[in-house]
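Residue strings, one per chain:
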Amino acid sequence: MIEALYKFLGSVGYTDPIHAPVTHMPVGLAIGAFIFFVVAIIFKRQQLVITARHVSILALLFAFPTILFGVFDWIHFYHGVLLPAIKIKMVLAGSLVVLLGIGVILGSEVKLHSLWMTIIYALCVGMVVALGWFGAGLIYGRGAAAAASAPAPAPAQSSAAKPAVAGDVKAGQALFADNCQACHSNGQNVIVPELPIRGSKRLATLTGFVAFIRSPSMPDGSAGQMPPFPADTISDAQATDLYAYVTTAWK
């Protein structure tokens, strides 16, 4: 069902995450509730306390579809891999829902100068800021920028610049966007920044590349967090196209 949704969105030209646009609703509303409450305290406006509660109710309602779409994006773009940032976002999202729920319950009888309500609204703001920070890290590859500036090993760089086989680079680019872009934007590695695609020894031969994506492993042979891509997900012909793209994309 999830893949059918993304396939439909792709058919109408939308290929970006569906989680990102809706995050503005709970984020903006949580911040708005805090601002209304602070203004109510400063200017002693009891009506704004009620407004803050109403706004927090809306934030709570919008939090649920936002989290659901986030799970969809996680399954589609990250193949369900529990990256550290995703684990943290899960904890933060759950905590935000709990805090908003407590705020809605207590907000019905809160007095104007309620220390607890101020703390709750402030914590909600902190939660949405942290969620945005970790989300940006996933999208833009925080830590990968340093890896991008590091020179790749000369022999691997040379082999990566000259693909050993012919393949459809354009088709490979589309495969990369659908299956690899989230973790390997611009040839980097969000999961392990010190092991980018750029200049990787895994690109020395097509055979080695296909073997790696079928059964990914760390340099020491241990299992990493990258999910495998069996032939029923990326066929050998598609793997050839993908190899053609990744060995020419970042010369």
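Preceding this paragraph is the structure being described.
Residue numbers restart at each chain and count upward from 1, following the sequence in its written direction. It should be noted that, the model being predicted, local features are given only for residues of pLDDT at least 70 and side-chain atom pairs only at 80 or more, the latter also being counted only at that level, while totals for whole chains, interfaces and linings use all residues. Remark: hydrogens and water are excluded; side-chain values derive from all non-hydrogen atoms of the structure.

A. Broad picture of helix 3 (residues 24-43). The numbering of helices and of strands both runs from the N terminus, where a helix is a DSSP run of H or I of at least 4 residues and a strand a run of E of at least 2. One less than the number of residues in a helix, times 1.5 Å, gives the span that helix is expected to have. A rise of 1.5 Å per residue sets the reference length of helix 3, with its 20 residues, at 28 Å; its end C-alpha atoms lie 28 Å apart and thus fit the reference within 8%. Here the term buried applies to any residue with accessible area under 20% of the maximum for its type, exposed to any over 50%, and partly exposed to those in between, with areas from a 1.4 Å probe on protein chains only. Those residues of helix 3 that fall on the buried side of the exposure criterion are Pro26, Leu29, Ala30, Gly32, Ala33, Phe37 and Ala40. Viewed end-on, helix 3 has its buried residues packed into an arc of 165°, placing them on one side of the element. Summarising the geometry of helix 3, the exposed residues directed more than 90 degrees from the buried face are His24, Ile42 and Phe43. Just downstream of helix 3 lies lysine 44, where phi reads positive at about 55°. Here the arc refers to the directions that run from the helix axis out to each C-beta atom.

B. Region of interest: the packing of aromatic side chains. Pairing of aromatic side chains requires ring centres within 6.5 Å, counting the rings of Phe and Tyr and the six-membered ring of Trp. Pairs whose planes differ by under 30 degrees are stacked, by over 60 edge-to-face, and all others tilted. Applying the stated rule across the entire model yields six aromatic pairs. With a centroid separation of 5.2 Å and 50° between ring planes, the pair formed by phenylalanine 37 and tyrosine 121 is classed as tilted. A residue pair is termed long-range when its members are at least 10 positions apart, and phenylalanine 37 in helix 3 and tyrosine 121 in helix 6 (residues 115-140) qualify at 84 residues. Here phenylalanine 37 and tyrosine 121 have matching classes, each one buried.

C. Structural view of the packing of helix 1 (residues 2-11) against helix 4 (residues 46-78). Following both chains from N to C, one finds helix 1 and helix 4 inclined at 85°, their axes separated by 10 Å at the closest point. Relative to helix 4, the element helix 1 lies roughly perpendicular. Here helix 1 contributes Ile2, Glu3, Leu5 and Tyr6 to the contact with helix 4, which in turn contributes Phe69, Phe72, Asp73, Ile75, His76 and Phe77. Under the grouping applied here, Gly and all other residues not named as nonpolar or charged are polar, the nonpolar ones being Ala, Val, Leu, Ile, Met, Phe, Trp, Tyr, Cys and Pro and the charged ones Asp, Glu, Lys and Arg. Class assignment for the residues of the contact of helix 1 with helix 4 results in seven nonpolar, one polar and two charged. The axes used here are C-alpha line fits, helices contributing only the stretch in contact, and every angle between their N-to-C directions lies in the interval 0 to 180 degrees. Put simply, angles under 35 degrees are roughly parallel, angles over 145 are roughly antiparallel, angles from 65 to 115 are roughly perpendicular, and the rest are oblique. Contacts are assigned to residue pairs that have any heavy atoms within 4.5 Å of one another.

D. Spotlight on the nonpolar core. Residues Phe37, Leu96, Leu100, Tyr121 and Cys124 are the most contacted members of the largest nonpolar core, which totals 26 residues. The leading source of residues in this core is helix 6, at eight residues. Leaving out residues up to four positions away in the same chain, leucine 100 has contacts with Ser56, Ala59, Leu60 and Cys124. Listed in part, the 18 residues of the second largest apolar core include Leu175, Cys180, Phe209 and Ile213. Put simply, buried Ala, Val, Leu, Ile, Met, Phe, Trp, Tyr and Cys residues joined by side-chain atoms within 4.5 Å make one nonpolar core.

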